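# Fold and geometry: a report
In case you want the letters, here they are:
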Amino acid sequence: MKIAALLLALLAATGLRGQQRCATFHMRDTTEAESPSDSPPLAITLRETLTIPVVVHIVWRTPSENISDAQVESQIEVLNRDFRALNVEAAAVPSLFSPVLADMELEFCLVAITRTQTETSGISALYQGGKRRVCYSELGGRDAIDPGHYLNIWVAGRADGACGDAPLPGQNTPVPAAEDGVFVRPECFGTLGTAMPPYQLGRTTTHEIGHWLNLRHLWGDGLEDPLCQTDDLVADTPEQAYSYQGECPTHPSLSCGSADMFMNFLNFTDDACMAMFTEGQKARAWAAINTYRPGLLEASCEPVPAREAPKESAVLLLNNPADSWAALQLPEKDIFEIAIFDSAGRLVFIQNRIQSACFHIDTRSFISGIYYIKIRDEGKIHTKKLIIAR
Ligand SMILES: [Zn+2]
């Protein structure tokens, strides 16, 4: 029945129903022995509410993906309700679960918004040479800002159907610091502008920050857990079988012999039907902060210093390795000369007096191999290595 429902949902022409809330590749880690939930959470009693500074990187290709500051701020407002149990839905949590409903005592402050135009569609889920492209200015994305002290959120398009994803800390194969953060599609971010039902209330980001703080899906590993074999390693969330993808059930909804906490933020339930974290999740998240993210404990909501902002003037080579085209992103206002040499040093292309923010290179006549692009920018010369691979 669930498969049929999912197929029907996929056929729906409007909205995002039927699309995945959350990509699951972050669930590759199955080693649970190292879980911080196994050790007592440190410093959980003698502390104040922690405010986590947030940097939002908008990496856009189409103008609609270049979402407004107001849409970003609407997301921060959602986080500051959801992580303090101030969301309106919290009041309607079934009495079975209300005793474990938690104020996570986490707040969020926005310290920077960066905006980067990219040539690459679906960049959020694309990798090149093992690197997640959206996290690197040189690959058409935007460099993270100090991931030890800030939560970096990349808002960018993706073609895999997922609303978002985030790596769990402490995985067997940890992601590089440069890629540590949360990834959300503009259609699932904030409550205004491009946000689309049923993911228009900002809960994707709440859910993904849960992962970033080491929380797992309530059903456990994989897309669903019909045989009730895996768990989220949190004692006060009942074992459940389903993800509640694209659903908004009524309580009680039973699986694995008990009523499911389908309104927990770590399900795939529609945004409007999510309501809570639990005390067990809170202990696990705070343990993760102390164990894996101690820099957050000394983080500051001061605006990010200018010296930490990524360089705006760099020359970027886009769509590299290339097949039929590549492009150079150039600082505006300057005049350039571009020359391309093959690996034997032969000149294969030259053009003078280029004045354009984005210069397309037709590479269809280039044979496969390595080329060197020399970009003369008044006094300076930049060199980029171009790979033609077919
Ligand atoms: Zn998830």
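Before going into details, it helps to say that this report is about the structure given with it. Values in this document were obtained by computation on a predicted structure and should not be read as measured data. (Residues numbered from 1 in each chain as written. Predicted model: local features only at pLDDT ≥ 70, side-chain atom pairs only at ≥ 80, totals over all residues.)

### So, the sheet that holds strand 14 (residues 358–362)
Read across the sheet, 3 strands follow the order 10-11-14 without closing on themselves; strand pairing throughout is antiparallel. The sheet terminates laterally at strand 10 (316–318) and strand 14, the two strands that pair on one side only. Ignoring which end each strand starts from, the neighbouring axes of this sheet average 25° apart. Pairing between strand 11 (residues 325–329) and strand 14: 5 bridges, direction antiparallel. Note that in strand 14 the partner of L328 across the bridge is F359. (Pairing = 2+ DSSP bridges. Helix = DSSP H or I, 4+ residues; strand = E, 2+ residues; numbered from the N terminus. Axes fitted to C-alpha atoms, helices over the stretch in contact; angles between N-to-C directions.)

### Remarks on the pairing of strand 13 (residues 347–354)
Buried residues are scarce in strand 13, accounting for 0 of its 8 residues. The pairing of strand 12 (residues 336–342) with strand 13 spans 5 bridges and is antiparallel. Of the residues in strand 13, the one forming a bridge with I340 is F349. In this structure, the hairpin formed by strand 12 and strand 13 is closed by a connection of 4 residues, where G345 is found at a positive phi of approximately 90°. (Buried ≥ 20, exposed ≤ 12 C-beta atoms within 10 Å, placed from the backbone.)

### A closer look at the sheet that holds strand 2 (residues 106–117)
The pairing of strands in a sheet happens through backbone hydrogen bonds and is either parallel or antiparallel. On the basis of which strands lie adjacent, the open sheet formed by 5 strands has the order 2-1-5-7-6 and mixed pairing. Each edge of the open sheet carries a strand with a single partner, namely strand 2 and strand 6 (164–165). Bridge count for strand 6 against strand 7 (residues 182–184) is 2 bridges, and the pairing is antiparallel. Among the inter-strand pairings, G164 is bridged to a residue of strand 7, identified as V184. Where helix 2 (residues 69–82) meets the sheet, it contacts strand 1 (50–60) and strand 2, and its direction lies at approximately 155° from that of strand 2. On the sheet, helix 3 (residues 203–212) packs against strand 5 (151–156), strand 6 and strand 7 and is oriented at approximately 155° with respect to strand 7. (Contact = placed C-beta atoms within 7 Å.)

### A word on helix 4 (residues 279–292)
Taking 1.5 Å per residue as the helical rise, helix 4 with its 14 residues ought to reach 20 Å, and the 19 Å between its terminal C-alpha atoms agrees with that figure. Buried within helix 4 we find Q281, K282, R284, A285, W286, A287, A288 and I289. (Expected span 1.5 Å × (residues − 1).)

### Comments concerning the nonpolar core
Ranked by size, the top nonpolar core spans 66 residues in total, and within it V54, I153, W154, V155, V182 and V184 carry the most contacts. For this core, the secondary structure elements donating two or more residues are strand 1, helix 2, strand 2, strand 5, strand 7, helix 3 and helix 4. In terms of residue count, strand 1 provides more of this core than any other element does, 6 residues in total. Once you skip the residues sitting within four places of it in the chain, V184 turns out to touch I153, V155, C163, G164, F189, T204, T205 and E208. (Core = buried A, V, L, I, M, F, W, Y, C linked by C-beta atoms within 7 Å.)

### Considering unusual backbone geometry
In this structure, P198 follows P197 across a cis peptide bond, with omega equal to 5°. Mapping P198 onto the fold places it in the loop between strand 7 and helix 3. At A85, a position not held by glycine, the phi torsion is positive, near 55°. Following the sequence through the fold, A85 ends up in the loop between helix 2 and strand 2.

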